[in-house]
Each structure stands twice: as C-alpha cells, then as structure tokens.
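Residue-level structure breakdown
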Amino acid sequence: MSQAAKLRASLPHPVIDADGHWLEFGPVVAMEMEKIGGKIATKAMQMNGDRVRSSLNMSPAQRRHANVAQEAFWGSPTKNTIDRATAMLPKLLYERLDGLGIDFSVLFPTMGLGLPRVNDTEARLAACRAFNIYTAELFEPFKDRMTPAAVIPMHTPDEAVAELEHAVNDLGYKVVMLNSLIDRPITKIVEEHPDAENLVSWIDTFGIDSAYDYDPVWDKCRELGVSPTFHRGSRGKFLRISVSNFCYNHIGHFAAASEAVCKALFLGGITRRYPDLNFGFLEGGVGFAVLLFADLINHWEIRNGEALEFTNPAALDVKYLEELVEQYGGDEMLSAIKMGRGVSTKNGTNTTGGLNELDDYAACEIGAEKDFKELFVDRFYFGCEADDANNALAFNTKSNPLNAEIKTLFGSDIGHFDVQDMQGVLPEAYELVEEEKISEQDFRHFVCDNPIHFWGETNPKFFEGTIVANAAKELLNP
C-alpha cells in the first residue's frame, strides 16, 4: 500500500482533488475533433502548438528581437513512465486513484487550456465545441470518481452563454472552465496604426472596464447551477517575458492572472449582485489572495466615498495653510500659495479624470468592513498545489483581517511537470499538519469540505452518484 493510500485510510473524510490534469494525446484528440467539427475544429490546436513551437525554435537572441517569452520545454512526466501513462489514459487513472489517496477528482485539460484563448473566432468556437463533445464521452465511464471540465470561450458573452448551455444541458458537464484575460485590440492603434493592431492589446478582466456586460454569463451560470472557474496564467504578459528563463516566466504567473480577474470581479460588484455564485481561481495558490483581501480592506478604509473627503481639494483651509507657511515656511512658498500655485481647491471632473462616481467600491455597496467577508471570503475559492507552504496562510485567522479563513481548494496538478510522483502529492499536502502549521480540521477544509461547498452549493446534485455522495450530503444538509 502506498504512503498516500495509508494516509487516506487514516482520514475520517474523503479527499477531493479540485484540480488534476489529464494529458491529451495529440494525434488521437486531433483525429476525434476533426471527426466532430471538421478541420476548422483542429485549427485552434495547431495555432496554439505553432506558438509554442515557434518560441522553442528560436534562439534567445531571436526571441529578444521579437520580444517572445521562453516557453516551457520538457513539460510532461517521462522518467516516471507509469505517471505519464496515467495522465494520458483515464481508465488507468481511475484504477490508480486509491493508490494516490484520492476519492474523487475534477480534471482539467492540458492542451485544452489554450483552446478558448485563440483569437480566431471560428476556430475557437469550433475547437471548444468539438473538444467538449470528445471529452464528455471519454470520461463518461468514470463519472463516479472523476469529472472533466468543459472549456468555455469568453471573448463575448454570447459565445460563452452558447457553450455553457451546450456543455451543461446537452453534454452533462458539471464543471466549467471560463477563459479569462481576454486580449482586446486598442482602438487608437487600430485607427492610427492598423498594421500594428495585432502587436499590442489591452486585457479585459470582465468585472470592471470590460468591452462587454458579462452579467448574462453569470446569469447563465446561476441558471445552470455551475460555479465559474478560472484556470488561466499570464506567462508572456506583464513582467513575465524572459527570453531565456522559463522559471522567471512561470513563477507567480497563475497568481497574477487570478488576482487580476478576482480583483475585477470584486470591485465590479459581481459578488454583491450574485451572492449565490461561487467563483474559483485555480493553481495560483492562496498567498496572493490573503494579501488581496487585506489590501482591498485597507484601500476601502482610505478611498471609500466618505474617506475621500479627507483628500477633497475643496476641504483645504487655504487661509490656515498660509498662516502655517508664513510661520514655518519661506517667502517663496507663501508667495506661490497666495498666487494660487502649488495647491488647489478645485474638485471638478477635470481633476478626477472625468469620473462620475469617485468611490471605487460603489458597486460593492459596502456599508461596513464586515461586508468584506460576505463579498470576498464567502464567494471566492483559491486552488492550491500540495507543495505550496503558503497554503498555511489561508488558515492564519489571527493574522487575516476579520479573523477570516480564506477558502482553499486542494489541487494535485497531476499530469504536469510540477508533479514528479503522483503518489507523493497527498502526503506532501499533509506535511503542513505534521509540521503543525495547520490543524487536522484545516486539512479537512482544504481537501474535502471546501470542494464540496464550492461545487455543491451552486449545484446540490453535483456529487450524486459519486463515491463521495454521502459525505457531500452530510456536509451540505447537516
């Protein structure tokens, strides 16, 4: 019996893997997708592959010339051949779950992660549709212990709603992976330098300043009973464009992408308008979320509508300021102030960038600090890998504002290069208990209770017919 199996046997609760990965076998997937959707359905696969191959075929100097990031190389298990086969073969993974110490696994794709990101609309929609049809059929025999995630394009609300309806109503998906960080053309560049419009872009994060109103997507998620889940990185964006060092590009890139979307959804008032939806941000860990939670509260305290009066230019007592400058300053400063230079009491729209609403938290409708628990802690879940020591930060209620426990989801990340031995994942996660950094109860929240709440609150039938059905029923209906 493996160490993972022994550990699982000692636990009084199931272990739910909220973020495992299966590794698509390209030739077979391409063949099946073409059967389903024609050649256009495989075009997005080719575009993603071409981007990676193009980077790896360049020298560092060539990547510097083109400002192209170093891509991952040797990104799949090889030395541990059984793990490579396990990631490729759902039937083998199903048979090995007990040895991994996992009762139920939610599986995200690998190649499929990039399909909703392709900017070619026809190829993107065809690829997502064909991939979801193929994946649903592939995992159907194993649904008592595994369930796959549908890939949902999000370039427009209409395409997202259409694929959500198809994936959930027609194919029976319970987990949906929504694309995020949508690259949009910059209008000024399109108008003035159309030849360069594909070289620069701005990034849409849905919640604020979006090109579209995405409330129809959240409405559809609520109607269908699915929790919006984001699994997107930011390699090759922002400050992650090393032409020679993959780790430089990789470290923190999931956290950066998750923070951007999480922050936008919060400040856009999405959790205020949709208090019955849970939102998941995978593989970025919880360290950034702990900092974001505290920072959102700190900024609210000094930038909410009432607090802004402390910096309202009209509140400045110029006469008193002149008296103080006359007493403690110099003639030059006093003369400048009396001439209206250096200080101003103007507070019109020309001093605020033309904003109609000055309170950045207005959409959240926050009346008191305690509202942050309802709007952030209760609604957001953060996927954490087993080897991340920062997982303990989520449970440090003495340090976290409002004594909050930030909600974590255990993600094995099996199938990717991060995991050298699938059987070592659960024991590695449990090390935080052995090192007395978290409690047994904290660990239960991490690997059992939080995943059940995340999916089960949105869809009470999520775990019906699975090996963890009784545990889920007891937790959701105490």
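Residues numbered from 1 in each chain as written. Predicted model: local features only at pLDDT ≥ 70, side-chain atom pairs only at ≥ 80, totals over all residues. Heavy atoms only, no water.

In terms of helices and strands, the chain carries 20 helices and ten strands. The C-alpha atoms of the chain give a radius of gyration of 25 Å, which matches the 23 Å a tight globule of 478 residues would have. For the chain, the C-alpha atoms occupy an extent of roughly 85 × 55 × 45 Å along the three principal directions. Per-residue burial over the chain gives 50% buried out of 478 residues. A fraction of 75% describes how many contacts in the chain between residues 6 or more apart in sequence connect residues 24 or more apart. Here the chain displays about 22,900 Å² of accessible surface, and carbon together with sulfur accounts for 51% of that area. Charge separation in the chain, taken as the distance between the mean sites of 44 positive and 71 negative side-chain charges, equals 4 Å. (Helix = DSSP H or I, 4+ residues; strand = E, 2+ residues; numbered from the N terminus. Rg over C-alpha atoms; globule rule 2.2 N^0.38 Å. Buried < 20%, exposed > 50% of the residue type's maximum accessible area, 1.4 Å probe, protein only. Contact = heavy atoms within 4.5 Å. Areas by Shrake-Rupley, 256 points an atom, 1.4 Å probe, with all protein chains shown as cover. Lys, Arg positive; Asp, Glu negative; His and termini not counted. Charge placed at Lys NZ, Arg CZ, Asp CG, Glu CD.)

In terms of residue burial, strand S2 (residues 104–108) counts as a mostly covered element, since five of its five residues are buried. The alternating pattern of S2 places Phe104, Val106 and Phe108 and Ser105 and Leu107 on opposite faces, both of which are buried. Strand direction decides the pairing type here: strand S1 (residues 16–21) and S2, joined by four bridges, are parallel. Across the sheet, the residue bridging to Ile16 is Phe104, located in S2. When S2 meets strand S3 (residues 146–152), the two strands line up parallel, connected through three bridges. For Leu107, the partnering residue across the bridge sits in S3 and is Pro148. (Pairing = 2+ DSSP bridges.)

So, about the pairing of strand S10 (residues 407–411). Regular strands place side chains that alternate from one sheet face to the opposite one. Counted residue by residue, S10 has five buried out of five residues, so it is predominantly covered. Here S10 shows a buried face lined by Lys407, Leu409 and Gly411 and a second buried face lined by Thr408 and Phe410. As paired elements, strand S9 (residues 380–385) and S10 share five bridges and run parallel to each other. Note on S10: the bridge partner recorded for Gly383 is Leu409.

Helix H18 (residues 425–434) packs onto helix H1 (residues 3–10) with a crossing angle of 55° between their chain directions and a minimal axis gap of 8 Å. Accordingly, the angle class assigned to the pair H1 and H18 is oblique. From H1, Gln3, Ala4, Leu7 and Arg8 reach across to H18, where they touch Leu426, Pro427 and Tyr430. Of the residues that constitute the contact of H1 with H18, the class distribution is five nonpolar, one polar and one charged. (Axes fitted to C-alpha atoms, helices over the stretch in contact; angles between N-to-C directions. Parallel < 35°, antiparallel > 145°, perpendicular 65-115°, else oblique. Nonpolar A, V, L, I, M, F, W, Y, C, P; charged D, E, K, R; others polar.)

If you look at the biggest cluster of nonpolar residues, it comprises 122 residues, and the most contacted ones within it are Trp218, Phe266, Phe376 and Ile406. The dominant element in this core, judged by the number of residues it contributes, is helix H7 (residues 121–139), at nine residues. Not counting residues up to four positions away in its chain, the partners in contact with Phe376 are Cys262, Phe266, Ala289, Leu292, Phe293, Leu296, Phe382 and Ile406. (Core = buried A, V, L, I, M, F, W, Y, C linked by side-chain atoms within 4.5 Å.)

Once that is clear, we can look at the sheet that holds S2. With parallel pairing, the eight strands of this open sheet are ordered in space as S1-S2-S3-S4-S7-S8-S9-S10. Single-partner strands in this sheet number two, and they are S1 and S10. Here the strands of the sheet are splayed against their neighbours by 30° on average, with no regard to which way each runs. Where H7 meets the sheet, its contacts fall on S2 and S3, and the angle it forms with S3 comes to roughly 175°. Where helix H12 (residues 253–267) meets the sheet, its contacts fall on strand S7 (228–230), strand S8 (279–281) and S9, and the angle it forms with S8 comes to roughly 160°.

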